[in-house]
Amino acid sequence: MMNTPVYLKPNVIIEPLINQWYAWSYLLSPATAAMYVAKSHLEMMESFVAAPQVHYSALKNPAMMGGPFINHDVSRVGEIKELLERTKKQQIQLINLAQAIDKLEQILAEEATGYSLEPLYEKVPDQLKGYVELVYDSSNNPSIRFIERLLYHSPYYNHQNQSLALSLENPDRRSFVLSTPRLPSVQNLHINLPFKAKEIDELLAMRHTAQPYAKIKDILPIKPEQEVIFSSLFTEKIPKITPKYQGDGVRIRYFGHACVLIETEDISILCDPLISNENPTGIPRYSYADLPPKIDYALITHNHQDHVMLETLLQIRHKIGTVLVPKNNKGLLIDPSLKLALEYIGFSNVKEIDELENVDIPGGQIIGLPFLGEHGDLNIAAKTAYLIQVQGRSILCAADSNNIEPRLYDHLHNLFGNLDILFIGMECDGAPYTWAYKPLLTKPTARKMDQTRRLDGSNAQKAIKLVERFSPKQVYVYAMGQEPWLKYITSLNYTEKSRPIIESNQLVQYCHNHNIISERLFGRQEIFLHSTISTQHSGNDPVNSLEKMTTEQFPTSPLLMDTEQESTPEKSINEFLTELDNLDIKLLLEGDRLRCNAPKGVLTSDLKEELKTRKPEIIAFLTPIKTQANLDAEAVLDSTIVPQTPVKIVPEPTNIFLTGATGFLGNALLYDLLQQTSATIYCLVRDESPEIAQEKLYNSLKLHYGWDDSFAPRIIPVVGDLSKPLLGLSQQQFQQIAKETDVIYHNGAWVNHTSPYSRLKSTNVLGTQEVLRLACEKTTKPVHFISTISVFNPSDLSQKRVIKESDELDPQEVPLGGYAQSKWVAEKLVTMAGERGLPVSIYRVGPISGHSNTGLFNPHDFLYKLIIGYVHLGSAPEGEMLLDILPVDYVGHVIVHLSKQGKSLDKAFHLIHSQPVSSHILFEELEEMGYKVQRIAYEQWYSQLLEVAKNSPDHPLYPLVPLFSPARSDDASAKSFNLKFDGYNTLQGLINSGIDCPPINRQLLKTYISYLFENGLLKPLNND
């Protein structure tokens, strides 16, 4: 083995020690080190020697972990006693320095009364003479300013006290280290070596670079009796090596706690380095092996033991270019210089950053932002949050910032704008500040005072205010100390009932409700942000593969839709209506009358004039189709859409084309296709670029169903537009997709129940025609079309007891509403294509509700808005309606399961609830949960609704006003109960599938209502 190249084993734990105590930053600076040795280490050792059983018993209680108790058993009292006596002798200078600091503080308290401090220099203890300056603040409060760099050159700083403890152990089972001196044993090896020694870099580089065993043994001070343990630390096995990131955009990896690695092809930034050793039996994690070959910048947010991790910093020192640290208050005892501490242990390039200072980096900059709280109101300046702006993206690592003054972030937002990602710690309980700072305090602190000054971060309310100000697209809670490999340094052990967990859950739920990706991080996470800085490409660069193609999002808001060609009158009217939508101006037809609802001050004189001039045109455009003949006339499929080749049926598709993937149901379909197939899924998304589209797809999945890293290579965005010819793609792109796709799922649509058919046609009808064209082009591939049961008119069919899946769309009257009409025509086109030989399946879906387990709702859902609206209004109309909702997760499971069966082709399926219930159950559950909704006559309730329309544009019911008429049909509810749908094909296809529809019961409704409550959309009513 002597000359064999070997590597350091990945599970080798390397602890830096000072005087045999685990090293952290306050043990480096001479003045603070003196206070901790004298007032912490000595006191704990004396207590242990006097009563070891007390320490042993205390640590049996998990709640005492992190307290001043030494974690050794009684058998080691002798070793602790020996260390105690040795410390008193070898550290006598530090002990005397601590006593001198206390004495000088007492002198200043008694004699510095606002007059000149010059006479007091004679009384400065000898240990401090020449190392301090006596100063007043502007209110004549005296203090000591330490000349800190000079102290590092004094006898008080002795690097001979430094050593390393090496061992092989499970990183997840380490005991708390800050309260226990490390004693040599047969399981660990102590090497006396100053932290600045270059030999340490050579040893630790062996995690990835092999050296002959003999060489590393010779350069380290290894005693003969230590070689057995030392040799066990090495292996000939080649470790995992992570290359430099060379991908597009920004890759962010979460390593646990507050450690975040931000990489582009030009830069690597590691914030608050705290890395776990590998542990194949533990939870998945990134380890030292997952770091890049070089770390350009290591950022440290503040001087706490879980953010300045010397154990990690020393192990990656050979990789680090620059360490960026916050600038401290010069010479203040409680605020030692991180720059000096790191320089004196061998870091060659340490730079300080002050508030709002910036460091230029390739493609952006790193900016230091103010950091409030977390330090018990002590005057500590060595703390900063970091705003990393790179490739047009903004990422804020806020660490444990406590948003105690939201106005600060108003000012910062004015300077830096919105964020892409916010990382924030929410350890909102926090220990009393004396837990960390007691040895530095020269006066005792009253317990009541101590309890009010805590080392805490933001709670939910404060974090939400931060989110409101910066409008981030993604919010991640981190620095919670929950990873198992952190217990040795944080001593935290939360449960689901712990306040930080409850508060962070509230933040995550708030973000979900506002369509912000959010998660409390645990273990590891990988996030991608695509650059917003465009790169110029040659216009004649050919598109040779699907990976180069681009895509569309199906908007839920008419603000995003612009569906006709610019030269046509319809296009111009659509443009005008979109402009009005953008201003929240609603145009409603009541018979032949045009009504306009607008927020105060928005309807300018120019807009009023244009409305007046174009009123006939608007009325004609918005007038709904009322006759079957007119609707039938719309159902014309381009004669060129005919299968060109024999049908291609692939049992296990390689490539799937999916539309509408970012919608509520579309996201469920995407998730189930990822789960139930091994195919690559090309998702048509309407967006500015494939990078933004990809980010939207990833974020939607994370928000609704969670994320798995294996999803990423299987999701390919295709930027296009359903409302455009060839789906908004180039001819070459269209042909390439047609050639390589095995099956199409057409779910995309503009779902807007208040818009007329004329506004929805281009997306829902003509878009379907283009999808059918794609299916017939090159290879003939199946189309699974997602429709709605609303294509049947309940008022006309109420006497027909059962509507079968095989029934044709030939009612005597057209469906109700523009959306149902557009789906009716689209379904007609699909049926025509089927008659021409294209294999098609149609899935008519009933009302979709939230996720059955999480309660997550589509924020645009009718039931969702109705429940909130009823509660806000405090009333609902009398009467009984059918409640036949289907949880979105169930619908996704069913469609994908059925679509995989060859016998499903050329069939229609009704996805309806087999056991609908009366809407009374909803009001019963609302009342049970504290929401008393008064049932009143419909006319009375409609009057209240009109007041909402006139005066409350922010009310949840405001968008639904057009869906209600002044008079309620007496037999409307009866007809809805009489209308039955047969689901034979669906039931047959689900036999032995294990897919069961959740019952509509109080428990399901409680899940939904609880979701609304937990997201702040419902508040308890005072029914007293």
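Everything numeric in this text was worked out from a predicted model, so none of it was measured.

J.: Just checking my understanding: could you explain the overall build of the protein for this structure?
T.: A tally of regular secondary structure across the protein gives 34 helices and 40 strands. In the protein, which comprises 1024 residues, the proportion classed as buried is 57%. Surface exposure of the protein reaches about 42800 Å², of which carbon and sulfur atoms provide 50%.

J.: When you look at the sheet that holds strand β12 (residues 268-271) in this model, what are you seeing that I'm missing?
T.: Whether parallel or antiparallel, the strands of a sheet pair through hydrogen bonds between backbone atoms. Strand order in this open sheet of 7 strands is β15-β14-β13-β12-β11-β10-β23, and the pairing throughout is mixed. Of all the strands in the sheet, the pair left with one neighbour each is β15 (350-353) and β23 (525-529). Across this sheet, the average inter-strand angle for adjacent strands is 20°, counted without regard to direction. Pairing analysis gives 4 bridges linking strand β13 (residues 295-299) to strand β14 (residues 320-326), with the strands arranged parallel. Bridged to A298 within β14 is V323.

J.: What am I meant to see in helix α29 (residues 888-899) here?
T.: Along an α-helix, residues three or four positions apart point the same way, because every turn accommodates 3.6 residues. The first and last C-alpha atoms of α29 sit 17 Å apart over 12 residues, in line with the 16 Å expected at 1.5 Å per residue. Counting buried positions along α29 yields 10 of 12 residues, so the element is predominantly enclosed. Inspection of α29 places V888, D889, Y890, V891, G892, V894, I895, V896, L898 and S899 among the buried residues, and these make up the whole buried set.

J.: Whenever I open this one, unusual backbone geometry confuses me. Can you help?
T.: Across the chain, the bulk of peptide bonds are trans and the bulk of non-glycine residues have phi less than zero. At N140, a residue that is not glycine, the phi angle is positive and equals roughly 65°. By the secondary structure assignment, N140 is in the loop between β4 (132-136) and β5 (142-146). Located in the positive-phi region is D377, a residue other than glycine, with phi close to 65°. Checked against the element boundaries, D377 lands in the loop between β17 (364-369) and β18 (385-390). According to the relative accessible area criterion, D377 is exposed, its value standing at 65%.

J.: Is there a simple way to think about the pattern of salt bridges in this case?
T.: Side-chain pairs of opposite charge can arise where the charged atoms are in close proximity. Tallied over the entire structure, the rule returns 35 salt bridges. For the salt bridge of E695 with R393, the shortest nitrogen-to-oxygen distance reads 2.6 Å. Pair noted here: E695 is in helix α22 (residues 690-704) and R393 is in strand β19 (residues 393-397), with a separation of 302 residues, a long-range link. With respect to class, E695 is no different from R393; both count as buried. The structure contains a network of salt bridges with shared partners spanning E15, R174, R182 and E311.

J.: What is the right way to read the pairing of strand β32 (residues 840-845) from this model?
T.: A regular strand places its side chains on the two faces of the sheet in alternate fashion. In terms of burial, β32 is largely enclosed, as 6 of its 6 residues are buried. Side chains V840, I842 and R844 project from β32 onto one buried face, and the interleaved S841, Y843 and V845 project onto a second face that is buried too. Pairing of strand β30 (residues 783-788) with β32, which is carried by 6 bridges, proceeds in the parallel orientation. For T788, the partnering residue across the bridge sits in β32 and is V845. One ladder, built from 4 bridges, connects β32 with strand β37 (residues 908-911); its direction is parallel. Residue pairing across strands places R844 opposite H910, the latter belonging to β37.

J.: Got a minute to help me understand the packing of aromatic side chains in this structure?
T.: By convention here, two paired aromatic rings are described through the distance between centres and the angle between planes. Applying the stated rule across the entire model yields 28 aromatic pairs. On the numbers, 6.2 Å between centres and 40° between planes, the contact of Y938 with W941 is tilted. In this pair, Y938 and W941 both sit in helix α31 (residues 938-951), 3 residues apart, roughly one turn of the helix. For the residue pair Y938 and W941, the accessibility class agrees, reading buried in each case. With 6.1 Å between their ring centres and 20° between their planes, Y938 and Y942 make a pair best called stacked.

J.: Could you clarify how one ought to interpret the environment of L415 in this entry?
T.: You can see L415 is positioned in helix α11 (residues 407-416). You can call L415 exposed: its relative accessible area is 56%. Once the C-alpha coordinates of L415 and L356 are considered, the two residues, 59 residues apart in sequence, prove to be 9.9 Å apart.

J.: I would appreciate a short explanation of the nonpolar core in the present structure.
T.: Looking at soluble globular proteins, one finds that nonpolar side chains tend to be buried together. With 114 residues, the main nonpolar core has F234 and L342 as its most contacted residues. For this core, the element with the most residues is helix α1 (residues 30-50), which contributes 10 residues. If we skip the residues at most four places from it in the chain, L342 touches I300, L310, L313, V323, V325, F347 and V350. Residues F657, L809, V814 and V825 belong to the second largest nonpolar core, which totals 45 residues.

J.: How should the sheet that holds β19 be read in this particular structure?
T.: Strand order in the open sheet formed by 7 strands is β16-β17-β18-β19-β20-β21-β22, with mixed pairing between adjacent strands. Every interior strand has two partners, whereas the edge strands, β16 (358-361) and β22 (517-520), have only one. Neighbour to neighbour, the strand axes of the sheet diverge by 15° on average, direction disregarded. As judged from the 5 bridges shared by strand β20 (residues 421-425) and strand β21 (residues 474-478), these two strands associate in the parallel manner. For L422, the partnering residue across the bridge sits in β21 and is V475. In the packing of helix α14 (residues 460-470) onto the sheet, contacts are made with β19, β20 and β21, and the angle to β20 comes to roughly 165°.

J.: What is the right way to look at the side chain of Q389 in this model?
T.: Here Q389 is to be found in strand β18. With relative accessibility at 17%, the residue Q389 sits in the buried group. With near-sequence residues (within four places) excluded, Q389 lies in contact with I361, G363, G364, Q365, I367, S394 and F416.

J.: Is there a simple way to explain helix α28 (residues 862-873) in this structure?
T.: The first and last C-alpha atoms of α28 sit 16 Å apart over 12 residues, in line with the 16 Å expected at 1.5 Å per residue. Of all 12 residues in α28, 9 are buried, a share of seventy percent or more. Each element contacted by the buried residues of α28 is listed here: α16 (499-513), β34 (875-877), α30 (920-928), α31 and α34 (1002-1014). Once α28 finishes, G874 follows within two positions and takes phi at roughly 80°, a positive value.

J.: Can you walk me through a negative patch on the surface in this structure?
T.: Where like charges cluster on the molecular surface, the negative patch consists of D248, E265, D266 and E691. The residue D266 is located in the loop between β11 (259-263) and β12 in this model.

J.: I would appreciate a short explanation of the environment of P484 in the present structure.
T.: Topologically, P484 is positioned in the loop between β21 and α15 (487-490). Spatially, the C-alpha atom of P484 lies 7.6 Å from that of R173, the residues being 311 residues apart in sequence. Setting aside residues up to four positions removed in sequence, P484 forms contacts with P171, D172, I283 and F522.

J.: Whenever I open this one, the side chain of R773 confuses me. Can you help?
T.: Position of R773 among the secondary structure elements: in helix α25 (residues 766-776). Setting aside chain neighbours within four positions, we find R773 in contact with D638, T640, I641, L726 and F734.

J.: Just checking my understanding: could you explain the environment of H920 for this structure?
T.: Along the chain, H920 falls in helix α30. On the basis of relative accessible area, H920 is assigned to the partly exposed category, the value being 35%. Along the sequence, H920 and L883 sit 37 residues apart, while their C-alpha atoms lie 9.0 Å from each other. Residues contacting H920, with those up to four places away along its chain left out, are G879, E880 and R935.

J.: Before we go on, may I ask you to explain the state of the cysteines in this structure?
T.: Here a disulfide denotes a covalent bond joining the sulfur atom of one cysteine to the sulfur atom of another. On inspection of all chains with the given rule, the structure shows 0 disulfides. Unpaired in terms of disulfides, C271 finds its nearest cysteine sulfur in C397, a separation of 4.2 Å. According to the relative accessible area criterion, C271 is buried, its value standing at 0%.

J.: What exactly am I supposed to notice about the packing of α11 against α14 here?
T.: Here α11 crosses α14 at 25°, and the two axes come no closer than 9 Å. Considering the angle they form, α11 stands roughly parallel to α14. Taken as a pair, α11 and α14 cross one another with a handedness that is right-handed. Only L466, R469 and F470 of α14 make contact with α11, whose side of the interface consists of Y409, D410, L412 and H413. Residue composition of the contact of α11 with α14, by class: 4 nonpolar, 1 polar and 2 charged.

J.: How do you make sense of the confidence of the model for the protein when you look at a structure like this?
T.: Caution applies to low-pLDDT regions: their predicted coordinates should not be interpreted in detail. Confidence along the protein averages 87 in pLDDT terms, with 92% of residues attaining 70 or more. In this model, residues 534-571 is a region of pLDDT below 50 whose contacts with residues beyond four sequence positions or in other chains number 108 contacts. Across residues 970-977, where pLDDT falls below 50, the model places 11 contacts with residues more than four positions away in sequence or in other chains.

J.: How do you make sense of the packing of helix α21 (residues 664-676) against α29 when you look at a structure like this?
T.: Any two packed helices are characterised by how steeply their axes cross, that is the angle between the axes, and by the distance between the axes. Packing of α21 against α29 leaves a shortest axis separation of 8 Å and a crossing angle of 50°. Considering their axes alone, α21 and α29 lie oblique with respect to each other. Our pair here, α21 against α29, has a crossing hand that is right-handed. Of α29, the residues touching α21 (which contributes F664, L665, A668, L669, D672, L673 and Q676) are V888, D889, V891, G892, H893, I895, V896 and H897. Classifying every residue of the contact of α21 with α29 by side-chain character gives 9 nonpolar, 4 polar and 2 charged.

Basis of the calculations
Residues numbered from 1 in each chain as written. Predicted model: local features only at pLDDT ≥ 70, side-chain atom pairs only at ≥ 80, totals over all residues. Heavy atoms only, no water. Helix = DSSP H or I, 4+ residues; strand = E, 2+ residues; numbered from the N terminus. Buried < 20%, exposed > 50% of the residue type's maximum accessible area, 1.4 Å probe, protein only. Areas by Shrake-Rupley, 256 points an atom, 1.4 Å probe, with all protein chains shown as cover. Pairing = 2+ DSSP bridges. Axes fitted to C-alpha atoms, helices over the stretch in contact; angles between N-to-C directions. Expected span 1.5 Å × (residues − 1). Salt bridge = Lys/Arg side-chain N within 4 Å of Asp/Glu carboxyl O. Phe/Tyr/Trp six-rings, centres within 6.5 Å; stacked < 30°, edge-to-face > 60°. Core = buried A, V, L, I, M, F, W, Y, C linked by side-chain atoms within 4.5 Å. Contact = heavy atoms within 4.5 Å. Patch = residues over 30% accessible without salt bridge, like charges linked within 9 Å, V, L, I, M, F, W, Y side chains within 5 Å. Lys, Arg positive; Asp, Glu negative; His and termini not counted. Charge placed at Lys NZ, Arg CZ, Asp CG, Glu CD. Disulfide = S-S within 2.5 Å. Parallel < 35°, antiparallel > 145°, perpendicular 65-115°, else oblique. Left-handed = near helix turned anticlockwise from the far one by under 90°. Nonpolar A, V, L, I, M, F, W, Y, C, P; charged D, E, K, R; others polar. pLDDT = per-residue confidence, 0-100.

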